[in-house]
Amino acid sequence: MLLVIDHKIEGEVRERMLVSYYRYSAARSSSDSNLDDICKLVRSTGYSTLAGAKRPPNYPESYFQRVPISKTFISMIVGRLRSDDIYNQVSAYPLPEHRSTALATQAAMLYVILYFEPSILHTQQAKMREIVDKYFPDNWVISIYMGITVNLIEAWEPYKAAKTALNYTLEQPNIKEQASRYGTSVERLRRQVQQFLKEGFLREEYVLDHIPKLLNCLRDCNVTIRWLMLHTAESVYDPNNKRLRQIKDQVFIDSKYNPKTLFQLLLDSAQFEFVLKEMFKQMLSEKQAKWESYQKEGSERMTELAEVFSGVKPLTRVEKNENLQAWFREISKQISSLNYEDSTAAGRKTVQLIQALEEVQEFHQLESNLQICQFLADTRKFLHQMIRTINIKEEVLITMQIVGDLSYAWQLIDSYTTIMQEGIRVSPFMVTKLKATFLKLASALDLPLMRINQANSPDLLSVSQYYSGELVAYVRKVLQIIPESMFTSLAKIIKLQTHSIMEVPTRLDKDKLKDYAQLGSRYEVARLTHAISIFTEGILMMKTTLVGIIKVDPKQLLEDGIRKELVRRVAYALHKGLIFNPKAKTSELMPKLTEMAATMDGFYRSFEYIQDYVSIYGLKIWQEEVSRIINYNVEQECNNFLRTKILDWQSMYQSTHIPIPKFQPVDESVTFIGRLCSEILRITDPKATCYIDQINTWYDMKTHQEVTNKQLFSEIQNSLGTFGLNGLDRLLCFMIVKEIQIFLDMLHRNVLRDKAVMDTIKPFQIHVNPVKGIVANSSKVYSAAVAKTQKIWSSYQDSILKVGQMQILRQQIANELSYSCKFDSKHLAASLENLNQSLLADVEAHYQDPTLPYPKDDNTLLYEITAYMEAAGIHNPLSKIYITTKRLPYFPVVNFLFLISQLPKVQYVKNQGMVCKKSTDPIDWPPLVVGLVTLLKQFHSRYMEHFLALIGQFVRSTVEQCTTSQKIPEMPADAVAALMFLENYVYYAKLSRKVVEAHVPSFIFDEFRTTL
């Protein structure tokens, strides 16, 4: 346990874990806490698993001596381990050359325990020689626990006695002899096992007659595989150690090591072992029933023969013979009296009965009668079968379980993964043999679970779950090659279907039939499709299997594999396809989205094509996985705006079996959705573009060229689907919240806490009160207040325009989602609208009469329907409350001053509406209006009323002043702009016209419209 802890958890990490436990544990104050002992035991040893790290001096004996153990006790254990076979393994390996494999578990135990008594390793030459001669005469690489391997050459280097004793094993002739012996065994054993595995060879009679031969073959296979796997593993030889390199090279050369051949032997022997085990299990379960049926058959035959010799039975030319009649009756009774429970006595008696039946045939000259001979032969056959059947013992299964142990390869097997995958790619039916190998590997779980089980520990389930989970994860890793190969073939199919094969028209001239046939391309599609279905068939042949305690369903495994490969490819395509160059003269956005739509359509069509051949729900998988990828990326992007980040293990979209890959960011955005959003915001920047609301189009302010239009959102819908648009919408929400928070901070800092600004605003508020009146000398009053507050408006303008720009984008997204929902899912759209209206009606009714029902606090209905509505575009972003706010003094006045400071920058153009006057001082009108609508929406409605009243007062005062000063009064530009603002405000905020007519007389509105 200590070695595994040091191997798996670095010393520093252990110490930090203990410190954090100590800090947060309530038990630390108790007097009986043994935390000090634990700290002493697991503090850092200086050991590191990193490549090139040197072993600390006196390691691991100094580590083991931290808790003293009685010397006598250790001496007794070492004595028992040296002399006895404490695990009783030798009976399973009777051959002397298999002795070191039989004692391997004991050898691993002894290797560890010797470090508790390092004097044996250092000085006791005789004991070490005895240990090496018994346990390590032909091996120097051992597995100590669940695939953790140790090379004794390196491990015993610092110990004189151990090193000297091991040198006898490491003499060149011995290494050569062992390596060549095991190397030559591989081919011989492969041929032998393949012979056994031929269809129809392993019949029940053959197996029962040749149990020792079959078990010997299994032993040879497993011992050979074990020795070669351990002694040729790259991980056990330090590449910086010259001696180790030489020994490794010698083993490779003398054994003619070929990993593919060795792996093939492992596959075949695992399959052979699996078949034999299944046969034995079946024979054991049927043993008693078969034995009793053979007994009954034999007894009946004898009774029938007795009746033949009675002279009554009409069997041709058989004379009456009372002696034989009585003798056969007696034999029949003897057969019936055989006892199944007492197998030894029954076996002896059956042999005697067979001899008696052979003798009666000779002594009484019964050979002449073929029918009697046949009866006797049949009875002898049944008696033979009874002997065979009673010899089916459970010990054979136990021996096979011991011999077939593969726990030493728990980690080494990973080095054969590429060979397995290559084999599956070439022949998918190899999966059935791999199933046997995985089941063989599952037998390794017995090692960690045996003692836990014996101790009746409650940890049995969790440990089983862990190791079974690890093994299933490895099975998934190996079999992932099947979906990978399928997708490679799919890519070729899609390429052929989109670029090579022409669409056949509904009417076709017969002379053009040959052109449209395209037999070569169609044959290639058929060949690739067949390859895909073969892969599917291969994995489904595995059948449902219990790996450890986890049931592995191959259909589920295939589906998960296809999902994993789909996620990997789609995520990579989205990551690579949506990278933009912000310095490009013309934006790359539309071409890249068009390209991405084609790529996604290719994936979609391939899934549609493949689903029938591999028996999966293609559309369901496609929608689930694409939505998961996009939602996960949106979640990661939104982490930038959260104090408490959502980590991968907390994410509802991330999965262990089907992970969504993470890519290195290429700019300040974390994911592709962030890059897409940044690019859209860049090209629709309100300081560089002018948005025309009537046609939903953005134009460049300088060149007057179209930058983008509502087609952009249709293209996003085509490439990323509803999930992409919805994700983009969610990300914009987070950005708006952030921007409003920045705005409020700036308002507090630059306005409310700035004495000079407040000294302007306070007198101004007094001056304009009451708002129902008219401000005398208005132009001076307003221009003086604007001039004194000029410095604060530039950052104020930035925030409001950004919020307005993002709100306009959200509106466009909602329009696109609403359109596509009504077009593609009209029933869903209608249901949602009806449900929404019903809910609103119920809520309104409740507020009029509180006795009527209302959704309780724990009812998630309103929250859940909001998500549906936003996904279907049935919502108005401008009426959304983004943040909770406190009361802000002077807020309407500050906004009013900001607005009138911006009015001189815009002018009314008949066919475009309000546009920027000078390109040197750019401002876009719709984002300005929408930004102010959004901002005021976050506060109490009285702020909005006060704000509108101030604008109304401004219009009335300006108009009043111009009528008194001019003979033929003309509406001032600022008043026109203010009236346009009011009209637009009412339009965007969806207010009644009466709201503004309360502040501005309707005749002014009518007059203003005639002047435009």
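In short, a report on the structure.

Here we come to the overall build of the protein. A count of helices and strands for the protein gives 43 helices and nine strands. Over its C-alpha trace the protein gives a radius of gyration of 44 Å, far above what one expects of a compact globule, namely 31 Å for 1012 residues. Oriented by its inertia axes, the alpha-carbon framework of the protein measures out at about 155 × 85 × 70 Å. Of the side chains in the protein, 119 bear a positive and 111 a negative charge, and the two mean positions are spaced by 5 Å.

Across all of its chains, the model carries 46 aromatic pairs by this definition. On the basis of an interplanar angle of 70° and a centroid distance of 6.0 Å, the ring pair of Phe-896 and Phe-954 is categorised as edge-to-face. One end of the pair, Phe-896, is in helix α38 (residues 891-902); the other, Phe-954, is in helix α40 (residues 941-965), and 58 residues separate them in sequence. Take Phe-896 and Phe-954: they sit in the same class, and that class is buried. Through successive ring pairs, a cluster of aromatic residues spans Tyr-47, Tyr-59, Tyr-63, Phe-64, Tyr-111, Tyr-115, Phe-116, Tyr-135, Phe-136, Trp-156 and Tyr-159. The ring of Tyr-182 has Arg-181 lying over it, and the distance from NZ or CZ to the ring centre is 4.5 Å. Positioned above the aromatic ring of Phe-252, the side-chain terminus of Lys-248 is 5.8 Å from the ring centre.

Ranked by internal contacts, the top residues of the largest apolar core, which has 268 residues, are Met-128, Phe-136, Trp-140, Trp-156, Tyr-796, Phe-891 and Phe-947. Of the residues forming this core, the biggest block, 17 residues, is contributed by helix α32 (residues 711-752). For Trp-140, the contacting residues outside a window of four places in its chain are Val-150, Asn-151, Leu-152, Ile-153, Thr-169, Leu-170, Ile-175, Trp-227, His-231, Tyr-237, Ile-247 and Val-251.

The next subject is a nonpolar patch on the surface. A cluster of nonpolar side chains, contributed by Tyr-847, Tyr-854 and Leu-862, occupies part of the molecular surface with about 320 Å² of accessible area. On the secondary structure map, Leu-862 appears in helix α37 (residues 861-871).

For the structure on display, the rule yields three cavities of 30 Å³ or more. Looking at the largest cavity, its volume works out to about 150 Å³. If you trace the largest cavity, you find 16 residues lining it, with Ser-100, Ala-104, Asn-139, Arg-226 and Leu-230 closest to the centre. Breaking the lining of the largest cavity down by element, the ones donating at least two residues are α6 (99-102), α7 (104-113), β1 (141-145) and α14 (211-231).

Right, let's get into the pairing of strand β2 (residues 148-151). The pairing of β1 with β2 spans four bridges and is antiparallel. In the strand pairing of β2, Tyr-145 is matched with Ile-148. Taking the residues between adjacent antiparallel strands as the criterion, β1 and β2 are bridged by two residues, where Met-146 takes a positive phi near 45°.

To continue, consider the sheet that holds strand β5 (residues 689-692). What the three strands build is an open sheet, ordered β5-β6-β7; its pairing is antiparallel. The open sheet has two edge strands, β5 and β7 (706-709), and neither has a second partner. For this sheet the average axis-to-axis angle between neighbouring strands, irrespective of direction, equals 20°.

Counted as a void, the second largest pocket has a volume near 1,200 Å³. Forming the walls of the second largest pocket are 33 residues, and the residues nearest its centre are Tyr-47, Ser-48, Thr-149, Glu-154 and Ser-235. Every element with two or more residues in the lining of the second largest pocket is listed here: α1 (2-8), β2 and α10 (152-155). At four residues, β2 tops the list of elements feeding residues into the lining of the second largest pocket. Of the residues that constitute the lining of the second largest pocket, the class distribution is 18 nonpolar, 10 polar and five charged.

This paragraph deals with the state of the cysteines. Taken as a whole and judged by the stated rule, the model has zero disulfides. Free of any disulfide, Cys-217 has its nearest cysteine sulfur in Cys-221, 4.2 Å distant.

Once that is clear, we can look at helix α27 (residues 519-540). Its 22 residues give α27 an end-to-end C-alpha distance of 31 Å, which sits within 8% of 32 Å, the value for a rise of 1.5 Å per residue. Residues Ser-521, Val-525, Leu-528, Thr-529, Ile-532, Ile-534, Phe-535, Thr-536, Gly-538 and Ile-539 constitute the buried set of α27. Summarising the contacts, the buried residues of α27 are in contact with α21 (417-426), α22 (431-442), α24 (460-479), α25 (481-500), α28 (554-577) and α29 (589-614).

Of note, Lys-435 is situated in helix α22. If near-sequence neighbours (up to four positions away) are discounted, Lys-435 is found in contact with Phe-274, Met-542, Lys-543 and Thr-545.

Along the chain, Ser-464 falls in helix α24. Residue classification places Ser-464 among the buried residues on the basis of a relative accessible area of 5%. Ignoring anything within four residues of it in the chain, the contact list for Ser-464 reads Leu-449 and Ile-549.

Moving residue by residue along a regular strand, the side chains alternate between the two faces of the sheet. As paired elements, strand β8 (residues 906-909) and strand β9 (residues 913-916) share four bridges and run antiparallel to each other. Directly across from Val-909, in β9, lies its bridge partner Gly-913.

Another point: unusual backbone geometry. The peptide bond linking Tyr-59 to Pro-60 adopts the cis configuration, its omega dihedral lying at 10°. At the junction of Asn-769 and Pro-770, the peptide bond is cis and its omega measures out at -10° in the coordinates. Relative to the assigned elements, Pro-770 resides in the loop between α33 (755-768) and α34 (778-788). Of note in this structure, Gln-518 is not a glycine but carries a positive phi near 45°. For Gln-518, the position within the fold is in the loop between α26 (513-517) and α27.

In the contact formed by helix α12 (residues 172-197) and α14, the axes pass within 9 Å of each other and the chain directions differ by 135°. It follows that α12 is oblique to α14 by the angle criterion. Both α12 and α14 take part in a crossing whose hand is left-handed. Only Lys-213, Leu-214, Cys-217, Asp-220, Cys-221, Val-223, Thr-224, Trp-227 and Leu-228 of α14 make contact with α12, whose side of the interface consists of Gln-178, Ala-179, Tyr-182, Ser-185, Val-186, Leu-189, Gln-192, Val-193 and Phe-196.

Let us now look at the pattern of salt bridges. Counting across every chain of the model gives 36 salt bridges. For Glu-559, the salt bridge is made with Arg-563, and the minimal N-O distance between the two is 3.2 Å. One end of the pair, Glu-559, and the other, Arg-563, are both in helix α28, four residues apart, so they sit about a helical turn from each other. The pair formed by Glu-559 and Arg-563 is uniform in burial state, with each residue classed as buried. Here the salt bridges share partners, and the residues they tie into one network are Glu-559, Arg-563, Lys-620, Glu-624, Glu-625 and Arg-628.

Okay, the packing of α29 against α32 next. For the pair α29 and α32, interaxial distance at closest approach is 8 Å and the crossing angle is 30°. When the interaxial angle is binned, α29 and α32 end up roughly parallel. Where α29 crosses over α32, the handedness of that crossing is left-handed. Contact with α29, carried on its side by Leu-589, Met-590, Leu-593, Thr-594, Met-596, Ala-597 and Met-600, involves Gln-711, Leu-712, Glu-715, Ile-716, Asn-718 and Ser-719 of α32 and no other residues of that element. Grouping the amino acids of the contact of α29 with α32 by side-chain chemistry returns eight nonpolar, four polar and one charged.

Attention now goes to the environment of Tyr-854. Note that Tyr-854 resides in the loop between α36 (826-848) and α37. In this structure the C-alpha to C-alpha distance between Tyr-854 and Ile-142, which are 712 residues apart in sequence, comes to 71 Å.

Regarding α34, the residues found buried are Ser-778, Val-781, Tyr-782, Ala-785 and Val-786. Down the axis, α34 shows its buried residues gathered within 120° of arc, on one side only. Residues of α34 that are exposed and angled more than 90 degrees away from the buried face: Lys-780, Ala-787 and Lys-788.

Turning our eyes to something else, we now look at the environment of Val-552. Mapped onto the fold, Val-552 is located in strand β4 (residues 550-552). Spatially, the C-alpha atom of Val-552 lies 9.4 Å from that of Val-475, the residues being 77 residues apart in sequence.

Basis of the calculations
Per chain, residues are indexed from 1 in the order of the written sequence. Side-chain atom pairs in this predicted model are given and counted only at pLDDT of 80 or more, local residue features only at pLDDT of at least 70, and totals for whole chains, interfaces and linings cover all residues. The basis for the side-chain values is all heavy atoms of the structure; hydrogens and waters are excluded. A helix here means a DSSP run of H or I that spans at least four residues, while a strand means a run of E at least two residues long, and both kinds are numbered starting from the N terminus. Radius of gyration here is computed from C-alpha atoms only, and the compact-globule reference equals 2.2 Å multiplied by the residue count raised to the power 0.38. In this charge count, Lys and Arg are treated as positive and Asp and Glu as negative; neither His nor the chain ends contribute. For charged residues, the charge sits on one atom: NZ in Lys, CZ in Arg, CG in Asp, CD in Glu. Between 30 and 60 degrees the pair is tilted, below 30 it is stacked and above 60 it is edge-to-face, where a pair is any two Phe, Tyr or Trp rings, Trp via its six-membered ring, whose centres lie within 6.5 Å. Buried means the residue's accessible area, taken with a 1.4 Å probe over protein chains only, is under 20% of the maximum for its type, while exposed means over 50%, and partly exposed covers the values in between. Charge-over-ring placement is defined geometrically: NZ (Lys) or CZ (Arg) within 6 Å of the ring centre, and within 35 degrees of the ring normal. Residues belong to a common nonpolar core when they are buried Ala, Val, Leu, Ile, Met, Phe, Trp, Tyr or Cys residues joined through side-chain atoms within 4.5 Å. Throughout, a residue-residue contact means that at least one pair of heavy atoms, one from each residue, lies within 4.5 Å. Each patch is built from residues lacking any salt bridge and having more than 30% relative accessible area; the joining distance is 9 Å for like charges and 5 Å for nonpolar side chains (Val, Leu, Ile, Met, Phe, Trp, Tyr). Only the protein chains shown count as cover for residues, with accessible areas throughout obtained via the Shrake-Rupley method and a probe of 1.4 Å. Salt bridges are defined as contacts in which a side-chain nitrogen from Lys or Arg sits within 4 Å of a carboxyl oxygen from Asp or Glu. For each structure, a 1 Å grid was placed over the protein atoms alone; sets of points admitting a 1.4 Å probe that cannot get out are labelled cavities, open sets with protein on both sides within 12 Å along at least five of seven lines are labelled pockets, and lining residues have an atom within 4 Å of a point. Grid points are joined across faces, edges and corners, and a volume is the space filled by probe spheres set on the points. Strands are treated as partners if at least two bridges between them are detected by DSSP. Convention adopted: a line fitted to C-alpha atoms gives each axis, helices being fitted over their contacting stretch, and angles between N-to-C directions are expressed from 0 to 180 degrees. Three classes are used: nonpolar for Ala, Val, Leu, Ile, Met, Phe, Trp, Tyr, Cys and Pro, charged for Asp, Glu, Lys and Arg, and polar for all others, with Gly counted as polar. Cysteine sulfur atoms that come within 2.5 Å of each other are treated as a disulfide pair. A helix is expected to reach a length of 1.5 Å times the quantity of its residues less one. Geometric relationships in this document are graded by angle, where less than 35 degrees denotes roughly parallel, more than 145 denotes roughly antiparallel, 65 to 115 denotes roughly perpendicular, and other angles denote oblique. Each crossing gets its handedness from the near helix: less than a right angle anticlockwise from the far helix is left-handed, clockwise is right-handed. What the arc describes is the spread of directions from the helix axis to the C-beta atoms.

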